[in-house]
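The residues making up each chain are set out below.
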Amino acid sequence: MSTDPRSNLAGLAAIQAETLGSPDVCVAVLDGPVDLSHPAFRGANVTALEMPVSSDEAADRTHGTHVTSLVFGQPGGPAPGIAPKAKGIVVPVHNFRPETSAPAGNPPDLAKGIRDAVAAGAHVITMHGGGLSPDAGMLDALAKALARAAERNVLVVVAAEGDGNEHFHVPAAASTVLAVAAEDAEGKLLDFGMWGPTYRDSGIVAPGEGLIGAAPGGGTVAQSGATFAAAMVAGIAALLLSVQIARGKQADPRTVRAALLQSATPLSITQSERGKGVLRGRLDVAAAFKLI
């Protein structure tokens, strides 16, 4: 079933009644190139950083455009987003090609994207990709970039996807990130395959099935997966930071991360869904709002 990305998020309307996002809160989207001429972004405060893939006219913009619209799609437009009035930065680190669904991004590109996003003033970064712990050499720069983001109090929201084995995935298993797995309308996990104690402290589940977002050229498309669920959680984080500012507080991504984890609804454990048992719980927007 395809849905407006906001329709499956109980409690979102209450936050959006207070704020649609502050221009003083910045979210960076690390994904593919984006069609910022799409009507969904008309009036949005979103700019793109120059990266190697930026000038590649053959790069597929479908994925990046959809993910970005889930956060910044403007009210009344074809693909309304979660935090449309927040500031956005597009950091194209994945070179999607029309002939394949696999991104060409790698850990060093992700590391540079994180560093650039932090330098540009991001409070929240949403991203996917990375690698497994055996690839220590390739992951060193990425681990250092994540550490720098944590030092600067930047919340990195990561799509939690895997192959069903117990291992340490960078960045999804890093202790400072917020890992997000996707579920369908019935609460079944879509593509979460990682498991182990690491994810118990930093992983939550959010709606991620059939989410409608912007498509290059002016239309819309429905897509499913953890990347899209993570983008929505990044938008929620931006709203909570905006609430802090509206109430005269300092925007504090660490506090927002803690609120999202602390308020998550516990998930039941079944033998066939062992990954579900080691996530903190299911996103509860209303409960997180009360903690801010």
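Within each chain, residues carry numbers counting from 1 in the order of the written sequence. With pLDDT at 70 or above as the cut-off, local features in this predicted model cover only qualifying residues; side-chain atom pairs require 80 or more to be listed or tallied, and sums for whole chains, interfaces and linings still use all residues. Computation of side-chain values covers all heavy atoms of the structure but excludes hydrogens and water.

(A) Quick look at the overall build of the protein. Counting its secondary structure elements, the protein contains 8 helices and 12 strands. Three labels apply to residues, based on accessible area from a 1.4 Å probe with only protein chains included: buried if under 20% of the type maximum, exposed if over 50%, partly exposed otherwise in between. A buried classification covers 56% of the 292 residues belonging to the protein. The contact criterion used is simple: two residues touch if any of their non-hydrogen atoms lie within 4.5 Å. Across the protein, every contact between residues at least 6 apart in sequence was considered, and the portion connecting residues at least 24 apart equals 75%. Secondary structure elements are taken from DSSP: a helix is a run of H or I of four residues or more, a strand is a run of E of two residues or more, and numbering for both begins at the N terminus.

(B) View of the environment of Ile-292. Looking at where Ile-292 falls in the secondary structure, it is placed in the segment after helix H8 (285-291). Owing to a relative accessible area of 10%, Ile-292 belongs among the buried residues under this scheme. Separated by 52 residues in the primary sequence, Ile-292 and Leu-240 have C-alpha atoms spaced 6.9 Å apart. Filtering out sequence-adjacent residues up to four positions away, Ile-292 remains in contact with Leu-240, Val-243, Gln-244, Arg-247, Lys-249, Val-256 and Ala-259.

(C) Broad picture of the pattern of salt bridges. Salt bridges are defined by distance alone: a side-chain nitrogen of Lys or Arg within 4 Å of a carboxyl oxygen of Asp or Glu. Applying the stated criterion across every chain yields a total of 4 salt bridges. Among the salt bridges present, the one from Arg-247 reaches Glu-18, with a minimum N-O distance of 3.1 Å. Separated by 229 residues along the polypeptide, Arg-247 in the loop between helix H5 (226-246) and helix H6 (253-262) and Glu-18 in helix H1 (residues 12-18) bring together distant segments of the chain.

(D) Examining the packing of helix H2 (residues 62-72) against H5 more closely. It is the contact of H2 with H5, at a shortest axis distance of 8 Å, that shows an interaxial angle of 30°. Relative to H5, H2 is oriented roughly parallel. Classified by chirality, the crossing of H5 by H2 is right-handed. Contacts between H2 and H5 pair His-63, His-66, Val-67, Leu-70 and Val-71 from the former with Thr-227, Phe-228, Ala-231, Met-232 and Gly-235 from the latter. Polar here means any residue outside two lists: the nonpolar Ala, Val, Leu, Ile, Met, Phe, Trp, Tyr, Cys and Pro, and the charged Asp, Glu, Lys and Arg; Gly therefore counts as polar. Class assignment of the residues belonging to the contact of H2 with H5 gives a composition of 6 nonpolar, 4 polar and no charged. Inter-axis angles, ranging from 0 to 180 degrees, are taken between N-to-C directions of lines fitted to C-alpha atoms, where helices are fitted over the stretch in contact. Roughly parallel means an angle under 35 degrees; roughly antiparallel means over 145; roughly perpendicular covers 65 to 115; every other angle is labelled oblique. The handedness criterion is simple: a crossing whose near helix is rotated anticlockwise from the far helix by less than a right angle is left-handed, and one whose near helix is rotated clockwise is right-handed.

(E) Geometry of the environment of Gln-223. The residue Gln-223 is located in strand S11 (residues 220-223) in this model. Along the sequence, Gln-223 and Val-67 sit 156 residues apart, while their C-alpha atoms lie 9.4 Å from each other. Here Gln-223 is in contact with Thr-62, His-63, His-66, Gly-208, Glu-209, Gly-210, Leu-211 and Phe-228, once residues within four sequence places are set aside.

(F) A look at H6. Every buried residue of H6 is listed here: Pro-253, Val-256, Arg-257, Ala-259, Leu-260 and Leu-261. Those residues of H6 that are buried are in contact with strand S6 (155-159), strand S8 (178-183), strand S9 (203-207), H5 and H8.

Interpretation note: all reported values are geometric properties and have no functional meaning in isolation.
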